[in-house]
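In case you want the letters, here they are:
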Amino acid sequence: MIKFLDIAKINQKYKIDFLNMVSKVIDKGQLILGDEVQAFEKEYTEYIGTNYCIGVGNGLDALRLIFRAYLELGVFKPDDEIIVPANTYIASILAISDNHLKPILVEPNLETYNINPDNLEKAITSKTKAILIVHLYGQNALTDKIFEIAKKYDLKIIEDNAQAHGAMYKGKRTGSLGEAAGHSFYPGKILGALGDGGAVTTNNKYLADVIRTLGNYGSSQKYVHNFKGLNSRLDELQAAFLRIKLPYLESDNKVRRNIAAYYSEQLDPDKFILPKLIDNSQSIINNLSHVWHLYVIRHPERDRLQKYLLDNGVETIIHYPIPPHKQKAYSEYSYLSLPITEKIHNEVLSLPISQVQTIDDTKKIVGILNKFI
Ligand SMILES: *Cc1c(COP(=O)(O)O)cnc(C)c1O
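None of these values were measured; they are calculated from a predicted model.

Student: Is there a simple way to think about the site of the ligand in this case?
Tutor: Of all residues adjacent to the ligand, which total 14 residues, the nearest are Gly59, Asp160, Gln163, Ser184 and Lys189. Within the backbone of Leu60, an N or O atom sits 2.9 Å from an oxygen atom of the ligand. Relative to its unbound accessible area of 380 Å², the ligand is 90% covered by the protein chains. Secondary structure elements with two or more residues in the shell around the ligand: helix 4 (59-72) and helix 5 (90-97).

Student: How do you make sense of the side chain of Asn119 when you look at a structure like this?
Tutor: Tracing the chain through its elements places Asn119 in the loop between strand 3 (102-106) and strand 4 (128-134). Only 3.1 Å separates the side chain of Asn119 from the side chain of Lys122, close enough to count as a polar contact. For Asn119, the residues in contact, after removing those within four places along its chain, are Val106 and Glu107.

Student: What is the right way to read the sheet that holds strand 2 (residues 81-85) from this model?
Tutor: Within a sheet, adjacent strands bond to each other through the backbone by hydrogen bonds, running parallel or antiparallel. Read from one edge of the open sheet, 7 strands run 1-9-8-5-4-2-3, paired in mixed fashion. Each edge of the open sheet is held by one strand with a lone partner, namely strand 1 (52-56) and strand 3. On average, each strand axis in the sheet is inclined to that of its neighbour by 20 degrees, with strand direction left out of account. Here strand 5 (residues 156-160) pairs with strand 8 (residues 180-184) via 3 bridges, running parallel.

Student: How should I be thinking about helix 8 (residues 236-245) in this particular structure?
Tutor: An α-helix turns once every 3.6 residues. As a result, residues three or four positions apart point the same way. Across the 10 residues of helix 8, 8 count as buried, placing the element largely inside the fold. Of the residues making up helix 8, those classed as buried are Glu236, Gln238, Ala239, Ala240, Phe241, Leu242, Ile244 and Lys245. Buried residues along helix 8 sit against helix 1 (7-12), helix 2 (15-28), helix 3 (35-48) and helix 9 (249-266). Sitting at the amino-terminal end of helix 8 is Asp235, which places a side-chain oxygen 3.0 Å from the backbone nitrogen of Leu237.

Student: Help me understand the pattern of salt bridges, please; the structure alone is not making it clear to me.
Tutor: Applying the stated criterion across every chain, the model contains 23 salt bridges. Residues Asp61 and Arg64 are paired through a salt bridge, measuring 2.6 Å at the closest nitrogen-oxygen approach. You can see Asp61 and its partner Arg64 sitting in helix 4, 3 residues apart, about one turn around the helix. On the basis of relative accessibility, which here comes to 8%, the residue Asp61 falls in the buried class. In this structure, the salt-bridge partner of Lys364 is Asp361, at a minimum N-O distance of 4.0 Å. Within this pair, Lys364 and its partner Asp361 are both found in helix 12 (residues 359-370), separated by 3 residues, close to a single helical turn. Salt bridges here are not isolated pairs; linked through shared partners, they connect Lys24, Lys28, Asp35, Glu36, Glu43 and Arg243.

Student: Before we go on, may I ask you to explain the side chain of Asn140 in this structure?
Tutor: Secondary-structure assignment places Asn140 in the loop between strand 4 and helix 6 (144-152). Of the residues examined, Asn140 reaches a relative accessible area of 5% and is grouped as buried. A polar contact of 2.9 Å, which involves the side chain of Asn140, links it to the backbone nitrogen of Leu142. Excluding its chain neighbours within four sequence positions, the residues that come into contact with Asn140 are Asn114, His135, Ala167, Met168, Tyr169, Thr174, Leu177, Ile278 and Ser289.

Student: What should I look at first to understand unusual backbone geometry in this one?
Tutor: One can expect most non-glycine residues to show negative phi and most peptide bonds to be in trans. Cis geometry marks the peptide bond from His319 to Tyr320, where omega comes out at 15 degrees. Secondary-structure assignment places Tyr320 in the loop between helix 10 (302-311) and helix 11 (339-347). Residues other than glycine seldom take positive phi values, yet Leu33 does so here, at roughly 50 degrees. With respect to the helices and strands, Leu33 occurs in the loop between helix 2 and helix 3. Residue Leu33 is classed as partly exposed on the basis of its relative accessible area of 38%. In the Ramachandran plot, Tyr217 falls in the positive-phi region, its phi being about 65 degrees despite a non-glycine side chain.

Student: What is the right way to look at the packing of helix 2 against helix 8 in this model?
Tutor: The description of two helices packed together rests on the angle between their axes and the distance between the axes. Two numbers describe how helix 2 lies on helix 8: the axes approach to 10 Å, and their chain directions differ by 145 degrees. Classified by chirality, the crossing of helix 8 by helix 2 is right-handed. Touching Asp17, Phe18, Met21, Val22 and Val25 of helix 2 are Glu236, Leu237, Ala240, Phe241, Ile244 and Lys245, all from helix 8. Residue composition of the contact of helix 2 with helix 8, grouped by class: 8 nonpolar, no polar and 3 charged.

Student: How should the pairing of strand 2 be read in this particular structure?
Tutor: Walk down a regular strand and you will see the side chains alternate between the two sheet faces. Counting buried residues in strand 2 gives 5 out of 5 residues, a clear majority hidden from the surface. Residue alternation in strand 2 divides its side chains into two sets, Glu81, Ile83 and Pro85 and Ile82 and Val84, and both sets are buried. The pairing of strand 2 with strand 3 spans 5 bridges and is classified as parallel. Considered in strand 3, the bridge of Glu81 is made with Lys102. Between strand 2 and its parallel partner strand 3, the chain crosses via helix 5, and the hand of that crossover is right-handed. Across 3 bridges, the pairing between strand 2 and strand 4 is parallel. Looking at strand 4, one finds that Glu81 is bridged to Thr128.

Criteria and thresholds
- Residues numbered from 1 in each chain as written.
- Predicted model: local features only at pLDDT ≥ 70, side-chain atom pairs only at ≥ 80, totals over all residues.
- Heavy atoms only, no water.
- Near = heavy atom within 4 Å.
- Polar contact = N/O pair within 3.5 Å; in protein donor to acceptor, adjacent residues only side chain to side chain.
- Areas by Shrake-Rupley, 256 points an atom, 1.4 Å probe, with all protein chains shown as cover.
- Helix = DSSP H or I, 4+ residues; strand = E, 2+ residues; numbered from the N terminus.
- Contact = heavy atoms within 4.5 Å.
- Pairing = 2+ DSSP bridges.
- Axes fitted to C-alpha atoms, helices over the stretch in contact; angles between N-to-C directions.
- Buried < 20%, exposed > 50% of the residue type's maximum accessible area, 1.4 Å probe, protein only.
- Salt bridge = Lys/Arg side-chain N within 4 Å of Asp/Glu carboxyl O.
- Left-handed = near helix turned anticlockwise from the far one by under 90°.
- Nonpolar A, V, L, I, M, F, W, Y, C, P; charged D, E, K, R; others polar.
- Right-handed = clockwise from strand over helix to strand, strands pointing away.

Next up, the structure:
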């Protein structure tokens, strides 16, 4: 069986270093907000290219804390509207509604799966305060048009960078392009910890200070509480593990780009709808706008295709089978008709891709796929 994602194999390479690190952290005895968190935050700001990074408990909390901070600062008010792509993972939307803000679901582009800039202006009202940009499947979603619209209507751009660590737009990394960004280090993400983890990156010092305080019980000085905060901190051990893996992120992204290029060259384009790049001025191998967290194809008989692959020893996953507006949790949105989003959820299939996938396995997958009838 070719696994969809072999997390054990990904982490095997670092096992000795991880174990040595556990021993080091135990000996130091500083298990919460110690040197490792501080060092990781510094190294991650250098990688992403922002002035500040705040380690938090997970990717959802990173986004929740950004919205919460804007509420505390009086920039957003309850019931303000936040534009978000309708086909994102539900966490993006939960972060908005959890803060009593209103998610406005906007249809994506059917070719790139990222938010369609042409649909933005008609979604804007006097209550719109921000656009939550999701770099879905690992591809940068920001375009000049989105920046222009944000400027014209005075909207904040917030990035959900849970799937795109290392992707670039005009020489800058996603996560440094908007006012603030949420990152996830969930084990299956491109930069994965050995458990939950997340971070916020931003260039805004006030925002960074408020987020850091909010994630630590609303306190920046022990036993003095300026906000009704929560407890969401990046674990010291997870930060130490992430420091071991971060130096390999660039080369890992390169390996996945090579696999994506092979899929796109070899898969039969008459049989499958293959992923498209927003900026297709370069070949996949040289195109830094996509880090290929997921390689997603479409087929009208997706479920039959998935079963065929499984019968032939290839595990695949659907990202995602049910769109947020069709989830019971968001029954208030069930009246919405979002045909592009619904089509995507009915047809997408994510093929195996990772930094440890062998060329032999990739070839095998292509051979099996091209024989599908
Ligand atoms: C994974 C993910 C999140 C949430 O991250 P967690 O660390 O799992 O909380 C948010 N948004 C997107 C797009 C994701 O893929």
